[in-house]
Amino acid sequence: MSTIARVTAPILLILAAYIGGGAELIFPHSIAGTSDTVWIIAILAAGLLNLASILWLQRDTSARSLALQGLLLKLCILPLFIGFLPFAAFLAVCLIAPPYLVLALGYLFTLICGMYALLLTSSQYGIAAAHRAHTEGLLTPSSQRRHIAMHCLPFADLISNIWLYIVLHRAQKSTLAAASDS
């Protein structure tokens, strides 16, 4: 896979996230004017391109580098997830009034599915980093499972990505220190 494709894959995912339904969360009058279905398809297509990029990168890229790329992607998409919080609060309020729950779920179902698809596609780098770190012997199997599970939960994925990057950074630093001592 070419370097251009590997670099543009995360950029396309960010663009797909902020155009259409994602832009509606932050900017009420989006210039994109796309439907939520188009938004979800764009996120899934960008996610598949990212998956191909990750499968290519995982062969020769360090776990720390994968974790850094995932962390940067998560930080770029963080404003979109923060913009989603009022809708989650609205859904929680609708749980108190059961007659409006069906309307709220019907209205927000596509948006919730799109946000979760975005969460999973943006978590691919962190999941690949956890798998690669376990393969390299930097993570225990239980830590690997914990990081992968946290990457499937909203906001826990960002915490897991930060934590994973710090662990891998420390492991690489200690490896370099041990190599320089001998």
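Further up the page is the structure itself.
Residues numbered from 1 in each chain as written. Predicted model: local features only at pLDDT ≥ 70, side-chain atom pairs only at ≥ 80, totals over all residues. Heavy atoms only, no water.

Asker: In this structure, what is going on with empty space enclosed by the protein? I would like to understand it.
Answerer: To find the voids left in a structure, one rolls a probe of water-molecule size over its atoms. Considering all chains together, one arrives at one cavity of 30 Å³ or more under this definition. If you add up the space inside the largest cavity, you get close to 40 Å³. As for the largest cavity, its lining consists of Lys-74, Leu-78, Phe-81, Phe-155, Asp-157 and Leu-158. Elements supplying a minimum of two residues to the lining of the largest cavity: α4 (63-96) and α8 (156-181). It is α4 that provides the largest number of residues to the lining of the largest cavity, a total of three residues. A class-by-class count of the residues in the lining of the largest cavity yields four nonpolar, no polar and two charged. (1 Å grid on protein atoms, 1.4 Å probe; cavity = no way out; pocket = protein on both sides within 12 Å on 5 of 7 lines; lining within 4 Å. Points joined across faces, edges and corners; volume = space filled by probe spheres on them. Helix = DSSP H or I, 4+ residues; strand = E, 2+ residues; numbered from the N terminus. Nonpolar A, V, L, I, M, F, W, Y, C, P; charged D, E, K, R; others polar.)

Asker: Which parts of the structure should I look at to understand the nonpolar core?
Answerer: Most often, soluble globular proteins have nonpolar side chains that are buried together. Within the largest apolar cluster, 31 residues are counted, with the highest numbers of intra-cluster contacts made by Leu-13, Ile-77, Leu-118 and Leu-164. Counting only elements with at least two residues in this core, the list comes to α1 (3-18), α3 (36-57), α4, α5 (98-122), α6 (124-135) and α8. Among the elements that take part in this core, α4 stands out by supplying nine residues, more than any other. The contact partners of Leu-118, leaving out residues within four places of it in the chain, are Leu-13, Ala-17, Ile-43, Ile-77, Leu-80 and Phe-81. (Core = buried A, V, L, I, M, F, W, Y, C linked by side-chain atoms within 4.5 Å. Buried < 20%, exposed > 50% of the residue type's maximum accessible area, 1.4 Å probe, protein only. Contact = heavy atoms within 4.5 Å.)

Asker: Can you walk me through the side chain of Ser-143 in this structure?
Answerer: Tracing the sequence through the fold places Ser-143 in helix α7 (residues 141-150). The buried category is assigned to Ser-143, whose relative accessible area is 14%. One polar contact links Ser-143 to Arg-146, side chain to side chain, over a distance of 3.1 Å. (Polar contact = N/O pair within 3.5 Å; in protein donor to acceptor, adjacent residues only side chain to side chain.)

Asker: For this particular structure, what's the right way to read the packing of aromatic side chains?
Answerer: Working definition: an aromatic ring pair is given by the centre-to-centre distance plus the angle between the planes. According to the stated counting rule, one finds one aromatic pair in the structure shown. Summarising the aromatic geometry, the rings of Phe-81 and Phe-155 are spaced 6.4 Å apart at their centres and angled 65 degrees between planes, so their arrangement reads as edge-to-face. Here the residue Phe-81 occupies a position in helix α4, and Phe-155 occupies one in the loop between α7 and α8, the gap between them amounting to 74 residues. By relative accessible area, Phe-81 is classed as buried at 12%. What makes Phe-155 partly exposed here is its relative accessible area of 36%. (Phe/Tyr/Trp six-rings, centres within 6.5 Å; stacked < 30°, edge-to-face > 60°.)

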